[in-house]
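# Results of the structural survey
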Amino acid sequence: MACACASPSTNASLRFGPKALGKKFLHGHLKSVVSYSVSQTFGGLSSPIRVDYHAYASDHIVRAFKNRDASTTVSLTNGSLKKRVTVLVIGGGGREHALCYALERSPSCDAVFCAPGNSGIAQSGDATCIPDLDITNSDAVISFCRNWGVGLVVVGPEAPLVAGLANDLVKAGIPTFGPSAEAAALEGSKDFMKKLCDKYNIPTAEYQTFTNPAKAKQYIKDHGAPIVVKADGLAAGKGVVVAMTLDEAFAAIDVMLVEGSFGSAGSRVIIEEFLDGEEASFFALVDGETALPLESAQDHKRVGDGDVGPNTGGMGAYSPAPIMTEELKQKVMEAIILPTVKGMAAEGCKFIGVLYAGLMIEKKSGLPKLIEYNVRFGDPECQVLMMRLESDLAQVLLAACRGGLGKISLTWSPELATVVVMASEGYPGAYKNGTVIKNLDEAEQVSPAVKIFHAGTTLDRDGHFVAAGGRVLGVTAKGTDIEEARAKAYDALDVVDWPEGFYRHDIGWRALKHRHMVAH
Ligand code: AMP
């Protein structure tokens, strides 16, 4: 077994991902447990750290850093010494793949696990996937962390957060990036979010909450259309109806309050003022007391070219987003993000994690108003942000867990990034799983600036990638400007051989339009 070597100047030599050992070797369909150890060389010097690898029967490899010197440190670019950390990412979509990719590149990150992960993440070498770890069982996750020396857990999706996974991990003494169940109510309950806005003067649409259908309809009649009806709880992205007529609004009330189609999530509705303007997203890392804004990113929610058709989880994104000027960023921090963080702390509900604010830059006032909060990254936005992040993500997220974001500043690539999502034909409606996807390696080789994130893939018996979800791939590229980033992403898409897949052809059109307006 060859040793993995690295130059001491990179300080990254302790990473023994599938990349270092050879994808093909690691990705075999192993049916028995194999253990072996490697004593590594480090810039020509023999390291005192012995690394044991275990391959287990589920055709996934777990790498363990056993017998390791607990004081193992890495020297960061600012000259400080940091303890290396093993990270567990919870989730298995494009967002989690992007987080794994950034963590794997972090100089202070020893190893990245992803549970459950997916076949594409495992194959890419960006993390070691643990498909059989039950992430709905906090005890199982805690026990995994203890067995494998996990020093940071990053929770991607909202469901485990709302279910209280972060509460249990923090109680067990495991640093966890992601809010408690109570703080996740910022996304889990629109009523909670709106009440916080009322109490702390955070600009948002005028609203009222109802459980009684007759009273709700009377409020709609009094205010007229257009008007917006929202289920209070999580409704898989389907709980918002922007009603252009009274009848549409009444129908939404019937679906939610009379027929109960969303179950308890729709047993309470928020009816709010329709805001006219341009939408923008804003992301900040939060450590309970303060917030650190991220670079801007903007997604395309509608399924079709020209932003038409039903809403999706996001069909593509780009970063930076020209709409989010420095001036606007400052306004959003002062009027929306910081009052939210302070308000949550004052309510005894400190927020730690990502705050993703959906905003409307209102046409009539020119001011940002809060439409909604998500307590995690959006999938496509996370992919473009992680492509551009140059800081050591593991250290940044650990600082957030420890209340230390005030001392952190982030470094970003000056390049632009864009992602085009490939989805299964039929999405966001019914679609077929199991269709074969070919040429992914070839597509990634179109340019070193291209990276394909896997949102929903698995492998068939012959080792081919097959679709396992609505949104399947995030074909991402960087470039010196939006045209170059788009061209590279679309060149890579041309190479992907997946007849049952589709994508939008106009991702980044707003950024392009803005660039042309500035140029002329
Ligand atoms: P939400 O899940 O709250 O982000 O809503 C989904 C989408 O509905 C948003 O991205 C907006 O396009 C639209 N929307 C939500 N609330 C409003 C509002 N008050 N005025 C206009 N559009 C809205």
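Look up a bit, the structure's there.
Parameters at a glance
Residues numbered from 1 in each chain as written. Predicted model: local features only at pLDDT ≥ 70, side-chain atom pairs only at ≥ 80, totals over all residues. Heavy atoms only, no water. Pairing = 2+ DSSP bridges. Helix = DSSP H or I, 4+ residues; strand = E, 2+ residues; numbered from the N terminus. Salt bridge = Lys/Arg side-chain N within 4 Å of Asp/Glu carboxyl O. Buried < 20%, exposed > 50% of the residue type's maximum accessible area, 1.4 Å probe, protein only. Right-handed = clockwise from strand over helix to strand, strands pointing away. Near = heavy atom within 4 Å. Polar contact = N/O pair within 3.5 Å; in protein donor to acceptor, adjacent residues only side chain to side chain. Axes fitted to C-alpha atoms, helices over the stretch in contact; angles between N-to-C directions. Parallel < 35°, antiparallel > 145°, perpendicular 65-115°, else oblique. Left-handed = near helix turned anticlockwise from the far one by under 90°. Contact = heavy atoms within 4.5 Å. Nonpolar A, V, L, I, M, F, W, Y, C, P; charged D, E, K, R; others polar. Expected span 1.5 Å × (residues − 1). Patch = residues over 30% accessible without salt bridge, like charges linked within 9 Å, V, L, I, M, F, W, Y side chains within 5 Å. Areas by Shrake-Rupley, 256 points an atom, 1.4 Å probe, with all protein chains shown as cover.

Okay, the sheet that holds strand β26 (residues 457–459) next. Taken together, three strands build an open sheet; the order of strands is β24-β27-β26 and the sheet is antiparallel. One side of each edge strand has no neighbouring strand; the edge strands of this open sheet are β24 (436–437) and β26. Strand direction decides the pairing type here: β24 and strand β27 (residues 465–467), joined by two bridges, are antiparallel. Looking at β27, one finds that Val 436 is bridged to Val 466.

Counted by the stated rule, this structure contains 27 salt bridges. Here Lys 301 and Asp 299 are joined by a salt bridge, their closest N and O atoms 2.6 Å apart. Where Arg 504 meets Asp 307, a salt bridge forms, and the shortest distance between an N and an O atom there is 2.8 Å. Residue Arg 504 is located in the loop between β29 (501–502) and α17 (509–519), and its partner Asp 307 is located in the loop between β18 (302–304) and β19 (308–311); the two are separated by 197 residues in the primary sequence. Judged on exposure class, the residue Arg 504 and its partner Asp 307 are both buried. One network of salt bridges, with partners in common, ties together Glu 278, Asp 307, Arg 504, Asp 506 and Arg 510.

Another point: the pairing of strand β6 (residues 85–91). Most of β6 is tucked away: seven of the seven residues are buried. With seven bridges connecting them, β6 and strand β7 (residues 109–116) associate as parallel partners. Pairing of Val 89 across the sheet is with Cys 114, part of β7. One crossover worth recording links β6 to the parallel β7 by way of helix α3 (residues 94–105), and it is right-handed. Bridge count for β6 against strand β9 (residues 150–155) is five bridges, and the pairing is parallel. If you follow Val 89 over to β9, its bridge partner there is Val 154.

In the region of the ligand, 13 residues are neighbours, and Glu 272, Glu 273, Leu 275, Glu 279 and Glu 372 sit closest. Between the ligand and Glu 279, the relevant distance is 2.4 Å, taken from an oxygen atom to a side-chain nitrogen or oxygen of the residue. In the environment of the ligand, an oxygen atom lies 2.9 Å from a nitrogen or oxygen atom belonging to the side chain of Glu 372. For the shell around the ligand, the elements supplying multiple residues, two or more each, are β12 (227–231), β13 (240–243), β14 (269–273) and β22 (368–374).

Across the interface, α3 lies against helix α13 (residues 379–388) with an axial gap of 8 Å and an inter-helix angle of 15°. Classified by the angle between their axes, α3 and α13 sit roughly parallel to one another. At the point where α3 passes α13, the crossing takes the left-handed sense. Along the contact surface, α3 presents Gly 94, Arg 95, Ala 98, Leu 99, Tyr 101, Ala 102 and Arg 105, while α13 presents Asp 379, Cys 382, Gln 383, Met 386 and Met 387. Here the contact of α3 with α13 is built from residues that sort into seven nonpolar, two polar and three charged.

For the rest of this paragraph, the subject is helix α16 (residues 482–495). When the terminal C-alpha atoms of α16 are compared, their 20 Å separation across 14 residues agrees well with the 20 Å that a helix rising 1.5 Å per residue should span. Every buried residue of α16 is accounted for by Ile 482, Ala 485, Arg 486, Lys 488, Ala 489, Tyr 490, Ala 492 and Leu 493. In this structure Asp 481 caps α16, since a side-chain oxygen of it lies 3.3 Å from the backbone nitrogen of Glu 483.

The end-to-end C-alpha distance of α3 is 17 Å, a good match for the 16 Å that 12 residues give at a rise of 1.5 Å each. The element α3 is extensively covered by neighbouring structure, given that 11 of its 12 residues are classed as buried. Every buried residue of α3 is listed here: Gly 94, Arg 95, Glu 96, His 97, Ala 98, Leu 99, Cys 100, Tyr 101, Ala 102, Leu 103 and Glu 104.

Moving on, we get to a nonpolar patch on the surface. The grouping of Val 240, Val 242 and Met 244 at the surface amounts to a nonpolar patch, some 250 Å² of accessible area in total. With respect to the helices and strands, Val 242 occurs in strand β13. Using a relative accessible area of 42% as the deciding quantity, one classes Val 242 as partly exposed.

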